[in-house]
Structure formats: C-alpha cells, structure tokens
Amino acid sequence: MTKPTKTLPRLFDFDKMPRRATISNGLTGQDILSVKQFDRERLAYIFGRAHEMREMVERVGACDLLYGHVLACLFYEPSTRTSASFIAAMDRLGGRVIPITQGVQFSSVAKGESLPDTIRTLEQYSDVIVLRHPDIGSAQVAADYAGVPVINAGDGSGEHPTQALLDLFTIQQELGQIDGLKVAMVGDLLNGRTVHSLTQLLLQYDVSLRFVSPESLRLPMVLMNELIDRGRKVRETHDVADVIENADVLYVTRVQKERFSDLSKYEEVKDAFEITPELMRQAKAKMVVMHPLPRVGEIHYAVDSDPRAAYFRQVKNGMYIRMALLAAVLGKA
Amino acid sequence: MTKPTKTLPRLFDFDKMPRRATISNGLTGQDILSVKQFDRERLAYIFGRAHEMREMVERVGACDLLYGHVLACLFYEPSTRTSASFIAAMDRLGGRVIPITQGVQFSSVAKGESLPDTIRTLEQYSDVIVLRHPDIGSAQVAADYAGVPVINAGDGSGEHPTQALLDLFTIQQELGQIDGLKVAMVGDLLNGRTVHSLTQLLLQYDVSLRFVSPESLRLPMVLMNELIDRGRKVRETHDVADVIENADVLYVTRVQKERFSDLSKYEEVKDAFEITPELMRQAKAKMVVMHPLPRVGEIHYAVDSDPRAAYFRQVKNGMYIRMALLAAVLGKA
Amino acid sequence: MTKPTKTLPRLFDFDKMPRRATISNGLTGQDILSVKQFDRERLAYIFGRAHEMREMVERVGACDLLYGHVLACLFYEPSTRTSASFIAAMDRLGGRVIPITQGVQFSSVAKGESLPDTIRTLEQYSDVIVLRHPDIGSAQVAADYAGVPVINAGDGSGEHPTQALLDLFTIQQELGQIDGLKVAMVGDLLNGRTVHSLTQLLLQYDVSLRFVSPESLRLPMVLMNELIDRGRKVRETHDVADVIENADVLYVTRVQKERFSDLSKYEEVKDAFEITPELMRQAKAKMVVMHPLPRVGEIHYAVDSDPRAAYFRQVKNGMYIRMALLAAVLGKA
C-alpha cells in the first residue's frame, strides 16, 4: 500500500496549535468515586477552584479551559438534574459532551453488553466519563477498566460524591466556614445516601450534629457509632421543632411514604418533618435550609422566598463543583 | 477555614476575557410567551434580525454571538422538528445547549417534581429556557418563576409563538410584503393552533382572509368575531377550489380523521382540502403554499417541486427566527 | 412594510469573518452510502486523512476544521456506539451536533411523517446528515431527497459502510499493509452485515480469506461465487482451530443462539467459535483479533490483555474514520 498522504497537503500545522499541557494537582488523571478521597486540604482546594468557576460564570459565562476535551455522560438511569449539571459544567468550560443520558436501556449499551466493555468503548471517544448506574460498586468497576478518569454520579445505594461536595461547598459559601456549626439532618436518615455522604465529609470538621427522623428511619447504627467513636456531639430527635432554634444548617430530605408498611404511621409522623414559614420563624436569622431536591412537599413553597432557603443556590453550586472537578481530573486546575 | 486559593495561581485572567455586554432592545431579558407581545414594529425588528441571521448562515455557517450562553431545551413532549430547530439556532450562534428533549417523562423532572421547581433548577445552569409542555398556561407559569428568559415552544392548546412568527416571516420573505395580500387558511381551523396564532398576527396587517374547512372544523366563533369587529374582509368556504385562483398565500393544515365521529363524513370531504398539481395549475404564478408540517397527505408530493411550495423554506426560516429571538432576549441583537 | 434593518446597526461584519471555502476532493458534497463507492485510491485517501485525525486528537484533542458546520444525527433505532462515535468525531473537529439519537420512535419524526419529509426538514438546519434506519435502502432514499450529504450509519440488513471502512483501516494501522494478508472471518457469516461489507472491500486487495462458521450460517452463495470468480483464495471450515495458526487477522462476530431452531445444535457448535487464551497461544505473534462489538461471550475477557486484541483500538479508529469522512464530504479535507 502506497503512502497516499505524502502527496496531499497536510490538514494540520501542529506548530500553530495549542498543546494539551496538564497541571499536576493530585487529582489529575484520578477517578472521583467516593467522598473518602477528600481530606480537608483537598476539599479546600476544590472549593477554591469552584469559587473561581463561580466568578468566571458570573462575569463572562464561559471559557476555553477544557477546549479539546470530550466528556462521555453515561446515565443508565435518568437523572435530569445531575446530567444537566455536568453538561452545563462542560459547556461552560469549553469542552464537549457525548450525552448518553436517556434511553440507554433500549440500546446495545444496555442490551447484554457488559459495563466494562461499554466503558472501554466510550473511553476511546472521550477524555473523561461520568457514570450514573443503579448498581452499587459499578463506578469502581468502571474505573478499574477505564484509561480515562471516571466520575461517579451515583451508583445505586452506594455513593454520589459530587452531591456531597456541592452540599458542603454550599455550607461554606453560605456561612463562610464549616467549623463550629450546628448541622441538623432531617428526614429519612436510614436510606438517605446524601445524608450519609455529607455526614462523612462533616466528620473532618468540628461540627455538632442533630438527626431528626421517624423512629423507623434513624441513621444507621454503623454511621452513628463512627460519629460517637470520633467524639462528635450527636443528638437524635423525632421533631424538627426540637432543633430549629439552634441549627445553622437544616439539611432536609424526603420521607417516602413507601418506606412505611403501615400508612397510618406515616400520616402520624410526617408533619414533624415539614419545613413551614411558621417553623422558620423560630430559626436563627443567619442559617440555611438545604435540600438535595427534588422535594415533594417536605419544604413548603412559601419558604422559597425566605433568604435562608438555599436549595436553589445549592443547585448552582453543583455546577461549579463539577466544573472544578472536571478541570482538576483533566489536569487543568 | 483557611483561604486555600491565596497560594494557588489563579485560573482566569478576567482582564483578558470578553465581558458579556448586552444591548437593550425591548426584548432583552423578556420572555417570549405569546404572539400578543408582537406589534408591527417589533415584528419588523425581529424579521430584520432573522434576515441577518440568514445571511450569516449562508455566508459563514456560524458565529460567536452567543458564546458563553447556555440554552436549556426542556421538552415534556417530544417534538423533533422544534427542538432540532432551537438546537441548530443556538449552535449556529456559538452558544451551547442542554438538550432535555427526550424521555423527560421517565426522569425525576417529570416524576412528581413541580414545573416551578424544575424551572428554578434549570435556570441555575442556563441563560435561557425553551419549554414545550402539554398543558396550556405552563409557559406562563415557568416564566413567573424563572429568573432567565423563557421561550414558549408550545403549551398544549395554548400558544406556539415562534411558529407563528416563522410563518409570517416566510410570507414576508417569499412575497416581499404582507399588506395587501389574500391569505387562505385551509384544513382544521377549529383546532389548529398555528392557524389561530398566525391569524392573530395577520390582524395587524391589511390582509384579506379566506377560511377553507369542513363544516365541523370551522374557525372558532370568537376569532371570527374579532376579525369582523376589526373590519377585516373575511370569507369561509368548504373547498380549496373556491380560493385557489386569487390566493397569495395558501396556509394548509392537517384535517385529522380522528376529529370525525362519522368516518364516512371524513371520506366525503377530504378531497376538498388536498393540494394537488392540478389544483396548483389554477393558482397565481406568484403565490406560496405553506404548511406547519408534518403533513400526512394533505399536500401531494408532486407539489414539492413546484417553486411556489414554500414549506421547507418555511422550516429553515424557523431556525432564523429562533436565532433572532435567542439573540434578542439574551441582549445580543 | 418598511425595511427596518436599515436604521439598526448591523450584527455581523462579514469582511472580518472567515468564509466557508471548500476543497474539492472527489467526496465533497457526496453521500456515503455503500462500500462500493471506495476503490483503493479513495481508501488510501481516507485512511491517510484518518491517520492525520489520529495524530491531531493525540496531540491537541480537537480543532476547528468543521467550525460553522452542523451535523444532524438521526437514529431511528438506538446504537449508542455508532452515534457516540459520530458525535465525538464532530466535537473533535469543532462542528456541532443535533442529536436525534434516542426516542425517535415517540416523536413526530416517526409518527406518520415520511422519511423524505423528515430528511428535507433536517437538511434545513444542518450541513450533513448521519442516518441509522431499520429498513434496507432507506439511506439511498434519504440521499435522493437531501440537498446535503447523507452518511449511512446502517440501514437494516443493507450496508454500514463506515464500519467496514474502520475495520479495514484497523487492519492497515495494526499490520502496516493489507496486501498479502490471511484474513479469517469467524461466526455468523450468513447474516453478518459487517463481514459482507469488509469482504467486499478486501476484494480490492491481494488477500486470502478463510471463513469459519457453523454449517447453517455459512457465507451467502452469491458472495462466495464473487470471491471465486475474482480468483481469490478462499477456504471454509467449522472450527477456528483450523485457521488460527496462519491467520494475520481474525475477524470475530457473534453467533446468535436465536438463529438455531434446534438449541442443542447451538450448544454442539458454539465452542468452535470461541476465542480463548489457549487458542491465542497457537496464533502468530504478529496478528490481530478484531470484533465489531458488542460481544457476548465469543471472545473471552482474558484475551483483552493480549496485545493482539485490537477490538478497542478498532473502536477508536471508528472515530478517526468518521472524522475523515465528515471532513471530506464537507469539503474540508
């Protein structure tokens, strides 16, 4: 076979094109799988970068930091909120996205092909993979096979580390610091993945924790023991009213009806976890109400106009955190 | 908490990055919900900008006018034609798109979350939201909650203003003017949202209108009365043949079989609304046939090669109109 | 109607914007429908360009060669692998994509609208259309109606030319040449579209071919006769073990259980088509194992770490080939 390009003018003049230099930052080329990867120093680093992302978006909207980089956004279960956040993050950094966010269940990716094969296929096209998958441990499997960084966007009952990071970043942005705060977690603390991950991160700070849940949905024993072993001030209660006066942070999650075998039990307790304007009148002037969303009634709409309602600013912080993480693992921050 | 970024080199040098200046144009920051927002002056302005968009696309394909801007394209019901048009519009203006155009029904966005909450989530990621929703009034609800402009891409039996604008723009582009024209609307005039909206816009011009429909699908009385009250020349008929000779514009819509309780009635009348090459022989040399598409038989394929068949150029005009609107509400036109 | 733009400052200064010049390359403006369009000279040209694309991606990740161009990616049946490959190709060339890759079946595009109408709609928004459709001949229909180039991404039991091109490109990249090679095709050779297309392309080279299949899934007679008529060395067998020692290329495809009316027949023969590490020990040191993917057991996972396992590199070559084709039909390569 002859070498045909010899006689053709070449398409690219690489001397005139920018190289893809990377910055070594401890996260370059790494996977983001668990909150356990983040100590205080790394959190401070990511939060600093996320804050810069916020400034950039507010001032100019977008930049070219990730020009030349492609994100494969692979969602085995739909999550518009999370996938939109990652897509916007990549868009605002000048990168590109392969969106595989809807209907994966109908395509060959799902039909019989193993996760490792799908991952090894997508890494050929992309520089980083964001994975949402219903099975615990799937993000680790993907990371084991991928030659590019994998970011865990939720693996079933496992972890969803970018959610925990954006939660903690929101506390820092809203209240200026984390040490010394009183944080109250409200709702289904037994099954709430976001509560568990945020609690893990908060363990690195000097905070006191309050847990407000129905009796049957209390924080798992293993997590409670870890808190106690590490000398944290912890208290449990059945009613938000017990914690509202002193809380700096009210982290509210949904109590799902379906968790109660006896529906009358649900009706009995549900009011104790609802955040209302009346309840907010008892709260401090400087505090925040957060929620991972979507909410279904656990925070009244009338609370939305309260300046302490931080849940939509929390959503925006998710975009900034994901921008910081994408830039970091791609060696650009 | 220490301020970690102090010691890190900063990522962005804002002095070297372009600011997002906006032009005040009367539409900057506004929602596009209804054709009622458009008087002749504003129509002339948008049509002028759309014409510039056409020139730009034909000469260079794309530009960077909307660099740094992100569009959230939220379709609660699929409409490939409309969503593709908005996506292409944003692409050709250098903006980015979060496409939530398929499968919304499966995701958390639809599962229980209220439209206001979904909108307030997406506005965190984006600079403008395009919404398609099956419920009348939903675009107004979205606009009430969104801090960014909302463009109504169809709210059930409500409005679909960008369609009406592209229809009118097509008449202007094809025939050079609107005043003085004879416009015939054909098909299901009772339920045809596009007919109603275009008629509303045409009320601002000196046109005479002909309405061709089966007896059971005549123009709604309220709209007919408005036309008469405003002194418009109006005539109704049951057969396209009655209007074909004098029409400058033949705006054809679908007559759905399902609208007839008695199918034999449908079979009886349907031929009276079909546009055929034979029929076109009776039409003027300078006139246009339009259709909002998709068509299902009401215009014969043999008519497609007739230079007066404008329906695919009409599709392209949709992209130009949407480019003009996006640039306008984002303060860039 | 007054000409409103007269008094407005114009949005664009075309003298300062790059024109869309095109290079005439024999493929500019052409459709890519069939491998029959590719003689050795054209293959050498595309492979040369694909190799340049590879260099570019490895060195800088992306470029602006297709800035200003929009690809409509229209998939009537989901194929994540192929659509992701085209999207990544366009992304890395600086073009934009309208992704209509999921859920087409629910939208107006599928609901009753004819393929020609959908194509004539999408060509208004885009500069090139990639079509995947379940019906044989549909790509040709689309090309007949489209004013922009159409690339066939699989039309049912018809062709999937970009797959065949990437297969051949992989052989050339892996082994440095094509002439003189011994190529063994393995699996369902009766129904395997990729086998038929690659065989067609290989007919242009001086190769010898081995076909390994169950008796009921042998290569179709018409293709076999063509090979013989054109003087190719051809041999058929029922067991990979018969060809493994001499093969330079082992092109493996899936044998679907569903093809056997008698399942015990399937169980009897399936081992003869499995590629295992034991089998690989008999193969030459310099050879490649290829597979169009997805695989379902026909190549053991333990083979993946063998440097001769080329199937994931083959995936990446697909992106390079599609980049070369997109640039070529758009007159940029």
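Residues numbered from 1 in each chain as written. Chains lettered and ligands numbered in written order. Predicted model: local features only at pLDDT ≥ 70, side-chain atom pairs only at ≥ 80, totals over all residues.

Enquirer: I'd like a rundown of the overall build of chain A, residues and numbers included.
Expert: Each helix and strand counted, chain A has 10 helices and nine strands in total. Here chain A has a C-alpha radius of gyration of 22 Å; the compact-globule value for 333 residues is 20 Å, and the two agree. Per-residue burial for chain A yields a buried fraction of 52% across its 333 residues. Taking as baseline every contact in chain A between residues at least 6 positions apart, the subset at least 24 positions apart corresponds to 75%. (Helix = DSSP H or I, 4+ residues; strand = E, 2+ residues; numbered from the N terminus. Rg over C-alpha atoms; globule rule 2.2 N^0.38 Å. Buried ≥ 20, exposed ≤ 12 C-beta atoms within 10 Å, placed from the backbone. Contact = placed C-beta atoms within 7 Å.)

Enquirer: Got a sec to walk through the sheet that holds strand β6 (residues 208-212) of chain B? Specific residues and values, please.
Expert: All names here are of chain B. The parallel open sheet is built from five strands, whose spatial order is β7-β6-β5-β8-β9. Both edges of this open sheet fall to β7 (234-237) and β9 (288-290), since each of them pairs with a single strand only. On average, adjacent strands in this sheet sit at an angle of 15° to one another, irrespective of strand direction. Pairing analysis gives four bridges linking β6 to β7, with the strands arranged parallel. Directly across from Leu209, in β7, lies its bridge partner Val234. (Pairing = 2+ DSSP bridges. Axes fitted to C-alpha atoms, helices over the stretch in contact; angles between N-to-C directions.)

Enquirer: Talk me through helix α2 (residues 80-92) of chain A; I want residue IDs and the actual numbers.
Expert: Residue and element names in this part refer to chain A. Here α2 is 13 residues long and its end C-alpha atoms lie 18 Å apart, about the 18 Å a rise of 1.5 Å per residue gives. Along α2, 13 of the 13 residues are buried, which leaves the element largely enclosed by surrounding structure. Gly94 lies just past α2 and shows a positive phi near 85°. (Expected span 1.5 Å × (residues − 1).)

Enquirer: Break down the interface of chain C and chain A for me, citing the residues and quoting the values.
Expert: Contact with chain C, which involves 39 residues of that partner, is made by 38 residues of chain A. Listing elements by their share of the side of chain C that touches chain A, those giving two or more residues are α1 (40-60), α2 (80-92) and α10 (311-329) of chain C. Top element by residues in the side of chain C that touches chain A is α1(C). It accounts for nine residues. Taken together, the residues of the side of chain C that touches chain A break down into 20 nonpolar, 10 polar and nine charged. (Nonpolar A, V, L, I, M, F, W, Y, C, P; charged D, E, K, R; others polar.)

Enquirer: Would you mind going over the relation of the copies chain C and chain B in detail, with residue names and values included?
Expert: Between the two copies, chain C and chain B, the superposition gives an RMSD of 0.0 Å; the rotation angle is 120° and the shift along the axis is 0.0 Å. With respect to symmetry, the two chain copies, as superposed, fit the operation of a three-fold axis. Here only 8% of the interface residues in chain C have copies in chain B that are interface residues too; the copies meet through unlike faces. (Least-squares fit on C-alpha atoms with pLDDT ≥ 70 in both.)

Enquirer: Explain the domain arrangement of chain A residue by residue, including any values.
Expert: Residues and elements named next belong to chain A. When its domains are assigned, chain A resolves into domain 1 (23-159 + 319-329) and domain 2 (162-315). Centre-to-centre separation of domain 1 and domain 2, based on C-alpha positions: 27 Å. Of the residues lining the interface, 16 residues belong to domain 1; the matching set on domain 2 comes to 13 residues. Elements with a contribution of two residues or more to the side of domain 1 that touches domain 2: α1 (40-60), β4 (150-155) and α10 (311-329). Among the elements that make up the side of domain 1 that touches domain 2, the one with the highest residue count is α1 (five residues). Along the lines of polarity and charge, the residues of the side of domain 1 that touches domain 2 split into 10 nonpolar, one polar and five charged. (Domains from an automatic or database assignment.)

Enquirer: Can you break down the nonpolar core residue by residue, with the values?
Expert: One finds A:Ile129, A:Leu326, B:Ile129, B:Leu326, C:Ile129 and C:Leu326 to be the most contacted residues of the largest nonpolar core, which totals 312 residues. Dropping the residues within four chain positions of it, C:Leu326 is found in contact with C:Leu66, C:Leu71, C:Ala89, C:Met90, C:Leu93 and C:Val128. (Core = buried A, V, L, I, M, F, W, Y, C linked by C-beta atoms within 7 Å.)

Enquirer: I'd love a proper account of the pairing of strand β1 (residues 70-75) of chain A, names of residues and values included.
Expert: Residue and element names in this part refer to chain A. A large share of β1 lies buried, amounting to six of its six residues. Along β1, one buried face is formed by Val70, Ala72 and Leu74 and the opposite face, lined by Leu71, Cys73 and Phe75, is buried too. Across five bridges, β1 lies against strand β2 (residues 96-100) in parallel orientation. What sits directly across from Val70, in β2, is Arg96. Since β1 and β2 lie parallel, the crossover through α2 that links them has a hand, and here it is right-handed. Taken together, the five bridges between β1 and strand β3 (residues 128-133) define a ladder with parallel strand orientation. (Right-handed = clockwise from strand over helix to strand, strands pointing away.)

Enquirer: Quick one: what's the story with unusual backbone geometry, residue by residue and with numbers?
Expert: With glycine set apart, most residues show a phi of negative sign, and most peptide bonds adopt trans. Residue A:Pro294 is bonded to the preceding A:Leu293 through a cis peptide linkage, with omega at 0°. Mapped onto the elements of the fold, A:Pro294 is located in the loop between β9 (288-290) and α10. Topologically, A:Leu293 is positioned in the loop between β9 and α10. For A:Leu293, a count of 23 C-beta atoms within 10 Å puts it in the buried group. The backbone of C:Leu293 sits at a positive phi, close to 60°, despite the residue not being glycine.

Enquirer: Give a detailed account of the interface of chain C and chain B, specifying residues and quantitative values.
Expert: With 38 residues of chain C in contact, the opposing surface of chain B contributes 39 residues. Of all elements in the fold, only β1 (70-75), β2 (96-100) and α3 (115-125) of chain C reach the threshold of two or more residues within the side of chain C that touches chain B. Class assignment for the residues of the side of chain C that touches chain B results in 19 nonpolar, 12 polar and seven charged.

Enquirer: Any details on the relation of the copies chain C and chain A? Residues and values, ideally.
Expert: Related by rotation about an axis and a shift along that axis, the two copies of the chain form a pair. For these two chains of identical sequence, chain C goes onto chain A by a turn of 120° and a shift of 0.0 Å along the axis, with RMSD 0.0 Å. Residue by residue, only 8% of the interface of chain C is reproduced at the interface of chain A, so the copies engage with different surfaces.

Enquirer: Please provide a residue-by-residue account of the sheet that holds strand β9 (residues 288-290) of chain C, values included.
Expert: The strands making up a sheet associate through backbone hydrogen bonding, with each pair oriented either parallel or antiparallel. Residue and element names in this part refer to chain C. Within the open sheet, the five strands sit side by side as β7-β6-β5-β8-β9. Their pairing is parallel. Taken across any chain shown, the strands that pair with only one partner, and hence form the sheet edges, are β7 (234-237) and β9. Between one strand axis and the next, the sheet turns through 15° on average, direction left out of account. Pairing of strand β5 (residues 182-186) with strand β6 (residues 208-212), which is carried by five bridges, proceeds in the parallel orientation.

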